[in-house]
Amino acid sequence: MEKYVIRGGNPLKGEVTVSGAKNAAVAILSATVLAEGVCTIENVPDIRDVFTTLKILSELGAKVRYINKTTVEIDTTHLVTTTIPHELTCNMRASYYFWGCMLARYGHAKVSMPGGCDFGVRPIDQHKKGFEGLGAVVDIEEGMLDVHADHLIGNQIFFDKVSVGATMNVMLAAVRATGVTILENVAKEPHIVDLANFLNSMGANIMGAGTDVIKIHGVSEMHGTEYAIIPDQIEAGTYMVAAAATGGDVLVKNVIPKHMKPITAKLEAMGVEVEEFDEAIRISAPNKLTKIDIKTLPYPGFPTDMQPQMAVVACLAEGTSTITEGVWDNRFRYVYELQKMGADIKVDGKMAVIEGIDCFKAAPVKATDLRAGAAVVIAALCGDGETEVEDIYHIERGYEDFELKLSSLGADIRRIEVPDLQISAAI
Ligand code: EPU
């Protein structure tokens, strides 16, 4: 086990380069299953969810080879199974993309139900609705989802709820279905567009990704390709928020400024100075910030995956801020950790009311999930002493070299080994 030891008080200064997008990478790497061939994927983030995805691909029989730290070559010509056991899916939500990919290529997938961050109930009814709409049969038994079809046939599918995962999964299944599939009320996140672009580079025929309606003409064959993943919107946003919270001045490089608009708009409304370049954004916060009201929504709304980090800046702003969670049932578990550090936050259902404080106090805290972990680290960077953050394996699922990138910006952060607690049999 590892933890971070963070001494707060240093404003972040300098330049940081954002890695490839986690939520695009996990879908794109899984999607290599759709072709019998070799795909070379660039700008792959060096994070735990990527390693888990590559491990699953290896278990399926793919040949996986790193060309350098961020480029992976995957040969899916000879796969040996369509079953993925629990040990490989229990820590990662995105393992569900193998349902759609293997259904499309083999007409069958048996995959243990996915893990991932705990935000309350995480239903899969819209994935199921989409697969069934294409003619597949979906069974859930003993914790495994079994989906099979002799033949997938294009159809018109209306999602009852906007879902990133269901949009991507049904898109993955439909690319090789016979005829035309029209998906309505779909998610529009940048990673939806990235996955569609990747699939089109493999020979798929997808139009409309990034709008409310996606039209897919099924193709009978797909081929290997070379593709570079987009930069991570949420990693970029996390460094922007960390710069703002610490009163720093940071150039965040390798970003697509258009993807950052929902975040830059809120930071500017709080008094943060934001300067946009072609592929970079500079953030500086020389003055005390002011209160903000945020509601998280599907893209292009404010991203739920930036909600905990923004709560930290709101804690340090003057006045009373509100944050309303509009995507997940329960995404405020981290609030208790921030309260240990002196935050004045009251949660009522899906809304948090935040009263501004001057400074966070050092305290032993833990990462309750991936983005919550990033949030407590940012709070610790603004703390008045030495904070220890435990359970950082959550953070490492999604942030490449987090402590190294923060150190390069002047943060006093160390990653240290924690010996496992040995409990004597005599007790
Ligand atoms: N939902 C349903 N039925 C479904 C699927 C989803 O009701 O079949 C509901 C969910 O309960 C939720 C809402 O729809 O209320 C949105 O869920 P969505 O399916 O969009 O989420 P996801 O695909 O499971 C992805 C990201 C999350 C991110 C959400 C929302 C990946 C691997 N994960 O999850 O990312 O919070 O979209 O943008 O892409 C993170 O990166 O930290 C993270 C949690």
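Just above, that's the structure.
Overview of the structure. (Residues numbered from 1 in each chain as written. Predicted model: local features only at pLDDT ≥ 70, side-chain atom pairs only at ≥ 80, totals over all residues. Heavy atoms only, no water.)

**Some points on the sheet that holds strand S3 (residues 38-42)**
By definition, the strands of a sheet pair up through backbone hydrogen bonds, in either a parallel or an antiparallel sense. The condition is simple: Strand pairing requires that DSSP identify at least two bridges connecting the strands. Elements are defined by DSSP. Helices are runs of H or I of four residues or more, strands are runs of E of two residues or more, and each kind is numbered from the N terminus. The convention used is that axes are lines fitted to C-alpha atoms, helices contributing only their stretch in contact, and that angles between N-to-C directions extend from 0 to 180 degrees. Contacts are residue-level and defined by heavy atoms, with any inter-residue pair within 4.5 Å sufficient.
Strand order in this open sheet of four strands is S4-S5-S3-S14, and the pairing throughout is mixed. In the strand order of this sheet, the two ends are held by strand S4 (63-68) and strand S14 (226-228), each with one partner. Pairwise comparison of adjacent strand axes, ignoring direction, gives a mean angle of 20° for this sheet. Examined bridge by bridge, S3 and strand S5 (residues 71-75) share four bridges and lie antiparallel to one another. By the bridge assignment for S5, Cys-39 is matched with Ile-74. Docked against the sheet, helix H2 (residues 48-60) engages S4 and S5, running at close to 140° with respect to S4.

**Things to note about the packing of helix H6 (residues 164-174) against helix H7 (residues 190-201)**
Put simply, the rule reads: Working definition: roughly parallel below 35 degrees, roughly antiparallel above 145 degrees, roughly perpendicular at 65 to 115 degrees, and oblique for all remaining angles.
It is the contact of H6 with H7, at a shortest axis distance of 10 Å, that shows an interaxial angle of 10°. Classified by the angle between their axes, H6 and H7 sit roughly parallel to one another. When H6 is examined against H7, the residues Val-164, Thr-167, Met-168, Met-171 and Leu-172 are found in contact with a partner set consisting of His-191, Ile-192, Leu-195, Ala-196 and Leu-199.

**Examining the nonpolar core**
Condition: What makes a nonpolar core is a set of buried Ala, Val, Leu, Ile, Met, Phe, Trp, Tyr and Cys residues whose side-chain atoms join them at distances within 4.5 Å. Each residue is assigned to one of three classes by its accessible area relative to the maximum for its type, calculated with a 1.4 Å probe on protein chains only: buried under 20%, partly exposed between the two thresholds, exposed over 50%.
Phe-360 and Val-377 are the most contacted members of the largest nonpolar core, which totals 77 residues. The biggest single contributor to this core is helix H12 (residues 370-381), with 10 residues. Those residues within four positions of Val-377 in sequence are excluded, and the remaining contacts are Tyr-4, Ile-6, Val-389, Ile-395, Phe-402, Leu-406 and Ile-413. Counting residues in each nonpolar core, the second largest holds 76 residues, with Val-26, Tyr-97, Phe-159 and Ile-216 among its members.

**Observations regarding the sheet that holds strand S22 (residues 364-366)**
The strand order across the open sheet formed by four strands is S22-S23-S1-S24, and the pairing between neighbours is mixed. Each end of this open sheet is capped by a strand with a single partner; those strands are S22 and strand S24 (412-417). Within the sheet, the average angular offset between the axes of one strand and its neighbour, ignoring direction, is 25°. Across the sheet, H12 is in contact with strand S1 (2-7), S22, strand S23 (386-390) and S24; its angle to S1 comes to roughly 30°.

**Examining helix H1 (residues 22-31)**
The periodicity of an α-helix, 3.6 residues per turn, causes residues three or four places apart in sequence to face the same way. In terms of burial, H1 is largely enclosed, as nine of its 10 residues are buried. Taken together, the buried positions of H1 are occupied by Lys-22, Ala-24, Ala-25, Val-26, Ala-27, Ile-28, Leu-29, Ser-30 and Ala-31.

**Focus: the pairing of strand S17 (residues 280-284)**
Most of S17 sits out of view: four of its five residues are buried. As paired strands, strand S15 (residues 249-253) and S17 are joined by five bridges and run antiparallel to one another. Bridge pairing links Lys-253 to Ala-280 in S17. Sheet topology note: the strand S16 (residues 273-276)/S17 ladder contains four bridges and is antiparallel.

**Points about unusual backbone geometry**
Of note, the amide linkage connecting Tyr-299 to Pro-300 takes the cis form, showing an omega dihedral of 10°. Checked against the element boundaries, Pro-300 lands in the loop between strand S18 (293-295) and helix H10 (307-315). The backbone of Glu-142 sits at a positive phi, close to 50°, despite the residue not being glycine. Looking at where Glu-142 falls in the secondary structure, it is placed in the loop between strand S8 (137-141) and strand S9 (144-148). Under the relative-accessibility criterion, Glu-142 is labelled exposed at 83%.

**Things to note about the pattern of salt bridges**
Stated formally: Here, a salt bridge means any side-chain nitrogen of Lys or Arg that lies within 4 Å of a carboxyl oxygen of Asp or Glu.
In the structure shown here, the tally under the stated rule is 27 salt bridges. Here Lys-69 and Glu-400 are joined by a salt bridge, their closest N and O atoms 3.6 Å apart. Placement of the pair is Lys-69 in the loop between S4 and S5 and Glu-400 in the loop between helix H13 (393-396) and helix H14 (402-408), with a sequence separation of 331 residues. Note on Lys-69: relative accessible area 41%, which makes it partly exposed. Its salt-bridge partner being Lys-405, residue Glu-235 comes within 2.8 Å of it at the nearest N-O pair. Taken together, the residues span a long stretch of sequence, with Glu-235 in helix H8 (residues 233-245) and Lys-405 in helix H14 at a distance of 170 residues. This pair shows no difference in class: Glu-235 is buried, exactly as Lys-405 is.

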